[in-house]
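Read off the chains here:
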Amino acid sequence: MTTPLTLIPGRSPDGTVRLAVSGEIDMSNVGHLAEALDGAAGPLVLDLTEVEYLDSAGLSVLFAHAERLELVVPPLLEPVLTVSGLADLVPAVHSSGTRNGPQG
């Protein structure tokens, strides 16, 4: 059984829109994530720390918004982002606090 997708909007200390995501992101619920990303204007910090699973449908949505995202990722998702190429496009802060990916 999949873990339900939960989306919690907020703001980072600098005022940037932040969306914390938990559960599993897959083709059964990716529409909810897409709607949330479509509805948020400007740069967006997407905190995936509590995401347990991310399939190709979820990756597709992230690629569609790559130019304005900064990701917070757990070690579990690092290989998925690297193999998909998303890590080369989107700055990422690992849940441990380490930053990598494109700067700027």
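I will try to describe carefully the structure that is included in this document. This structure is a prediction, so every number in the text was calculated from the model and none was measured.

## Things to note about helix H2 (residues 56-64)
Among all positions in H2, only Gly58, Leu59, Val61 and Leu62 are buried. Angularly, the buried residues of H2 cover 160° about the axis, an arc narrow enough to put them on a single face. Turned more than 90 degrees away from the buried face of H2 sit Ser56 and Ala64, all of them exposed. The inward-facing, buried residues of H2 abut strand S2 (17-25), helix H1 (30-39), strand S3 (44-54), strand S4 (69-73) and helix H3 (78-84). The residue sitting at the N-terminus of H2 and contributing the capping side-chain oxygen is aspartate 55; that oxygen lies 2.9 Å from the backbone nitrogen of alanine 57.

## What to know about the nonpolar core
Leu33, Leu46, Leu48 and Leu71 are the most contacted members of the largest nonpolar core, which has 28 residues in total. Sort the elements by how many residues they give to this core and S3 lands first, with five residues. When residues no more than four places from it in sequence are discounted, the contact partners of leucine 46 are Leu19, Val21, Leu33, Leu37, Leu62, Leu69, Glu70, Leu71 and Val72.

Reading guide: rules and limits
Residues numbered from 1 in each chain as written. Predicted model: local features only at pLDDT ≥ 70, side-chain atom pairs only at ≥ 80, totals over all residues. Heavy atoms only, no water. Buried < 20%, exposed > 50% of the residue type's maximum accessible area, 1.4 Å probe, protein only. Helix = DSSP H or I, 4+ residues; strand = E, 2+ residues; numbered from the N terminus. Arc of directions from axis to C-beta. Contact = heavy atoms within 4.5 Å. Polar contact = N/O pair within 3.5 Å; in protein donor to acceptor, adjacent residues only side chain to side chain. Core = buried A, V, L, I, M, F, W, Y, C linked by side-chain atoms within 4.5 Å.

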